[in-house]
Amino acid sequence: MKLNFDRLIKQIWQPKLKRSLWLLSLLFILSATIPPVVAKTTKPIPIVQMDSTPQQLVQQAQTAYQQQDFTTASDLWQQAASAFEANQDPLNQAMALSNLSLTQQKLGEWEQARETIQQSLDLLATLASNESQQQILAQSLAIQGQLQQDTGHPADALESWQQATAIYQQLNQTDAAQQSQINQAQALEDLGLYPRACDTLLAVLEPELQVTSCSAFNRLTTEELTAKLDKITEQDPQTTTFLALRSLGNLLIEMGQVPQAELALNTSLTIAKTLNDNQELATTYLDFSNLKQALFATEKVRRRRNEYRDEALSSLDRATELATSPLTQQQAQLNKLGFLLQLENWSQANTLASSLIPAVNQLPASPNKIDAQINLAHHLIDILEQAPAQDSSLPSATAIDRLLADAARQAGHLDHPRLQAYAFGNRGHLGEIQANLSPAAAYTQQAINLVSNFDAPDVSYQYFWQLGRIENNRGRVEPAIAAYTKAYDALQYLRSDLTAINPELQLSFRDRVEPVYRQFVELNIKYASFLDREGQEEEKNNQLIQARNVIESLQIAQLNNFFREACIEGTPQVIDNIDPNAAVIYPIILSERLEILLSLPDQSPELYSTSITASEISSTVEQIRAALLSPNTVTEAALPLYQQAYDWLIRPLEQQLTEAQIQTIAFVLDGDLRNIPMSVLHDGEQYLIEKYALALTPGLQLLDPKPITALNLEAITAGLSEIPEAFQPQFPPLPGVAGELAQIQKMGLTEASLLNEEFTQQALKREITTSGSPIIHLATHATFSSDPEDTFILAWDEPINISELDDLLRDDTFNRPEAIELLVLSACETASGDANATLGLAGVAVQSGARSTVATLWSVVDDSTAQMMNEFYTQLQQSGVTEANKAEALRQAQLTLLNSKTFNKRSVGLPHLGTGGGGKRVSRYRSMRLRLTFS
């Protein structure tokens, strides 16, 4: 399988270009006789040559700096520092040295800049603390922070800026303090600490937005946020307000909160157009393009995608036209090149890439130039790997490697381990696609060694992944497994922060994260087969156990990605601790075959391989879905499809299941197989449900083996037999619901019942909060989708989406005497045509906190549902609500329905046991352990 690796790792191999200019104060202070001045680029002012006093030297240095004549400015600052030293004026000597350090940074003299700023700080440490000393100390700390940030040490920069901010606040210099806070937010963002960065920016914007935390900001409605932003544009905003708002917009894009980002950046652009500063406007257009690209990536409507595409490209062109800084011009062009490649517009991309090569090389030496070089090389590799017809004017692989080697050398001289790692990582990838595997492995290992110098598991997992692929292609299986293990461990470490550290991962999870798990499992299986042939039974079992753990971890990662937050944790379990009469079947879909991993109590896992491709599985699943959904399907005509699925998943295991006396089968389904009910599998004589109780689970890691005691069979029921006009005609009436709820009530099971207009979100919340009923039965329309926003349960007043369901069923159950034992969702359906819609079903199951969830996969016959539910509760009344009984009770209910004379046999798969639910989840507000039965 060919991986589009270049896009897979765009965020890692393509270092993020700085999108915002730093508003770093350049202060010229002479014993408090010269006021603070902010350095800005102005029209050239001639320097008057004369015998200079220290004060005149400072003025001349300031003028040279403003003219961007940094060499002259550096000489003049050095002279001023020497003159102040001769005059025994250490305070202003420290001031001159700090400005000298800033000027040396502009010249790329990084080591000298470090030494100079340290001299300034050492001098200040010897002086008594007073207002003037504190003023210059804050300046020196701010300049040190800029140096640390530019050389790849954001944690150190954060500390320096925090100290500077504290001093500015003590001096009541609000603008300088806010400016330093904006810088802190950039460092926090670079460290992956997005919520803290958000809180820091909101502290700057508090007078305008009147919120001080990111959580409070997220609770603002669109109307509330729009009203607050409109007030900002109606007044004359401060420069710090503008910069903080723009930075907040960029951060919200990174956090995946694109609608809020759009409002913030639209306001920023409106303000930028009033500033009469083309450079600031150019930078804002650059940010605005990032927003439009994010909207393009997530938009599903073709017309709007085209609008966002055109707006993104035109914004980049405007940024290029307006920018007075060559660096900003090249940043805009590099961003445009990356977007053209995303659009697969190879012709324009080739032309632009050719023009960028000399332009990037002409940039002055700086970390930003190294960024640009690595970005350009990254894009050139993309063209080399992906373009249908390569432009002969573009550099060869050898030339691209030289460009990266130069970037690595400069980054090493700068002591910038991140940039070095990016450069070596790109060299490794270039070698990988060119099949130069030995040097590719060496370069990738160099990148890994550099990664260890800073805490960046979001980077390291991709380097280890790359090394694993390279070693596997070299035929070195054990080193490949070792590298994949490191990549997997990094992802496990990241799992609690994955969506926060890099929200791009959640938008392209199936490209950037899922392949690591799948390739690792495939490698485990490949190695296990080799060990089996070599007679190394114990090591073979270890590889299969690892494969099982990895595929379960993938299930958890998929659910976390679905929720857009790291909300699920897992603990490895063995089947013996769950149910001694149950088996767990893991179908693992690989590109060219299907692997079946079987876990039986008291036995080592066993592996069965079927020569069936992923595309064949997908095709058969679609045919089964079509047969189940069509009202015209004749059961006999569909049986060959059901038998085919049985032959893949069950036939190879029949003997082992029989010998182990298995009564219940739990499936941990993979890929497209999630989209069909396992009850339809047919051996030629019987449906699978006639032989075994069936359950679905995201994995044993989510199961709590602690048994439950028998409970009173009481239920809260709620449902809609009528549909409010606002939700018609999308949702038809469910006339059987009234009878369904009445039958449950007649059986003496109902503690509270809410029908039609009584079934509101608040009413259901009230009943759940005050009741100890172990069962929640909802007979209403519910839709499951791969998008959490489109996954909801319909109440009379409004749809209850999955996040609200979390609040409803989970956060209000802390004071309940018992956890919710069983959630029953009657008359629900998965989104038609959505291949990943069953993630929504699994998401509801986990999010509900119930130990088990029963649901249908799509719309079912109303009367059939009522009939089956009646039998289900009858079975539970007879056997009790215990972990061993729920799956069997549902099985008996399905069999009763199956054998009913009035039942349409084509519907055998419809009233399906949906999924084992609830797991250990970390609440957004607190941590709690929730239990789940195996059934």
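Throughout what follows, the structure given in this document is the object of discussion. The shown structure was predicted, so the numbers you read here are calculated from the model rather than taken from an experiment.

1. Considerations on the environment of N266
Phase 1 of the analysis: Residue position: N266 is located in helix α14 (residues 258-272).
Phase 2 of the analysis: By relative accessible area, which is 30% here, N266 ends up partly exposed.
Phase 3 of the analysis: Linking N266 and L245, residues 21 residues apart in sequence, is a C-alpha distance of 10.0 Å.

2. Considerations on the pattern of salt bridges
Phase 1 of the analysis: Scanning the model with the defined rule gives 23 salt bridges in all.
Phase 2 of the analysis: Its salt-bridge partner being D532, residue K540 comes within 3.9 Å of it at the nearest N-O pair.
Phase 3 of the analysis: Classification of K540 as buried rests on a relative accessible area of 8%.
Phase 4 of the analysis: For D532, a relative accessible area of 43% puts it in the partly exposed group.
Phase 5 of the analysis: Members of the salt-bridge network, linked through shared partners, are R246, E280 and D287.

3. Looking at helix α13 (residues 239-254)
Phase 1 of the analysis: Between the first and last C-alpha of α13 there are 23 Å, a value that for 16 residues agrees with the 22 Å anticipated at 1.5 Å per step.
Phase 2 of the analysis: Summarising burial for α13: 15 of the 16 residues are buried, a large majority.
Phase 3 of the analysis: At the C-terminal side of α13, G256 shows a positive phi close to 80°.

4. Overview of unusual backbone geometry
Phase 1 of the analysis: Following Q728, the chain continues into P729 via a peptide bond in cis, with omega recorded as 0°.
Phase 2 of the analysis: Here P729 is to be found in the loop between β7 (715-719) and α33 (736-746).

5. Comments concerning the nonpolar core
Phase 1 of the analysis: In this structure, W77, L209, F217 and L248 are the most contacted members of the largest nonpolar core, which totals 176 residues.
Phase 2 of the analysis: One finds A583, W648, I650 and L673 within the second-largest nonpolar core, a separate group that totals 42 residues.

6. Some remarks on the packing of helix α16 (residues 302-322) against helix α17 (residues 326-342)
Phase 1 of the analysis: Closest axis-to-axis distance for the α16/α17 pair is 8 Å, and the angle between their directions is 155°. Taken together, the axes of α16 and α17 are roughly antiparallel relative to one another. Note on packing geometry: the crossing formed by α16 with α17 is left-handed. Residue-level inspection shows R309, A312, L313, L316, D317, A319 and T320 of α16 in contact with α17, the latter providing Q329, A332, Q333, N335, K336, F339 and L340.
Phase 2 of the analysis: The class makeup of the residues in the contact of α16 with α17 is seven nonpolar, four polar and three charged.

7. Comments concerning helix α7 (residues 131-150)
Phase 1 of the analysis: For α7, spanning 20 residues, the distance from its first C-alpha to its last is 29 Å, which sits close to the expected 28 Å at 1.5 Å a residue.
Phase 2 of the analysis: At the N-terminal end of α7, a side-chain oxygen is found 3.2 Å from the backbone nitrogen of S132, two or three residues along, and the residue is N130.
Phase 3 of the analysis: G152, located one to two residues past α7, shows a positive phi value of around 85°.

8. A look at the packing of aromatic side chains
Phase 1 of the analysis: The final tally for this structure, using the stated rule, is nine aromatic pairs.
Phase 2 of the analysis: With a centroid separation of 5.3 Å and an interplanar angle of 70°, the aromatic rings of Y65 and F70 are classed as edge-to-face. Residues Y65 and F70 agree in their burial class; the two are buried.
Phase 3 of the analysis: Aromatic pair Y488 and F520: ring centres 5.7 Å apart, planes at 55°, arrangement tilted. With Y488 in helix α24 (residues 477-494) and F520 in helix α28 (residues 514-533), this residue pair connects regions lying 32 residues apart in the sequence.
Phase 4 of the analysis: Here the basic side chain of R305 rests over the ring of F296, its NZ or CZ set 4.1 Å away from the ring centre.

9. Looking at the sheet that holds strand β6 (residues 693-696)
Phase 1 of the analysis: One open sheet holds the five strands; their spatial order is β4-β3-β2-β5-β6, and the pairing between them is mixed. Each edge of the open sheet carries a strand with a single partner, namely β4 (606-610) and β6. Taken pair by pair, the neighbouring strands of this sheet meet at an average axis angle of 25°, ignoring direction.

10. Things to note about the side chain of S289
Phase 1 of the analysis: As for its placement among the helices and strands, S289 is situated in helix α15 (residues 278-298).
Phase 2 of the analysis: Excluding its chain neighbours within four sequence positions, the residues that come into contact with S289 are A312, S315 and L316.

Reading the values: the criteria
- Residues numbered from 1 in each chain as written.
- Predicted model: local features only at pLDDT ≥ 70, side-chain atom pairs only at ≥ 80, totals over all residues.
- Heavy atoms only, no water.
- Helix = DSSP H or I, 4+ residues; strand = E, 2+ residues; numbered from the N terminus.
- Buried < 20%, exposed > 50% of the residue type's maximum accessible area, 1.4 Å probe, protein only.
- Salt bridge = Lys/Arg side-chain N within 4 Å of Asp/Glu carboxyl O.
- Expected span 1.5 Å × (residues − 1).
- Core = buried A, V, L, I, M, F, W, Y, C linked by side-chain atoms within 4.5 Å.
- Axes fitted to C-alpha atoms, helices over the stretch in contact; angles between N-to-C directions.
- Parallel < 35°, antiparallel > 145°, perpendicular 65-115°, else oblique.
- Left-handed = near helix turned anticlockwise from the far one by under 90°.
- Contact = heavy atoms within 4.5 Å.
- Nonpolar A, V, L, I, M, F, W, Y, C, P; charged D, E, K, R; others polar.
- Polar contact = N/O pair within 3.5 Å; in protein donor to acceptor, adjacent residues only side chain to side chain.
- Phe/Tyr/Trp six-rings, centres within 6.5 Å; stacked < 30°, edge-to-face > 60°.
- Lys NZ or Arg CZ within 6 Å of the ring centre and 35° of its normal.
- Pairing = 2+ DSSP bridges.

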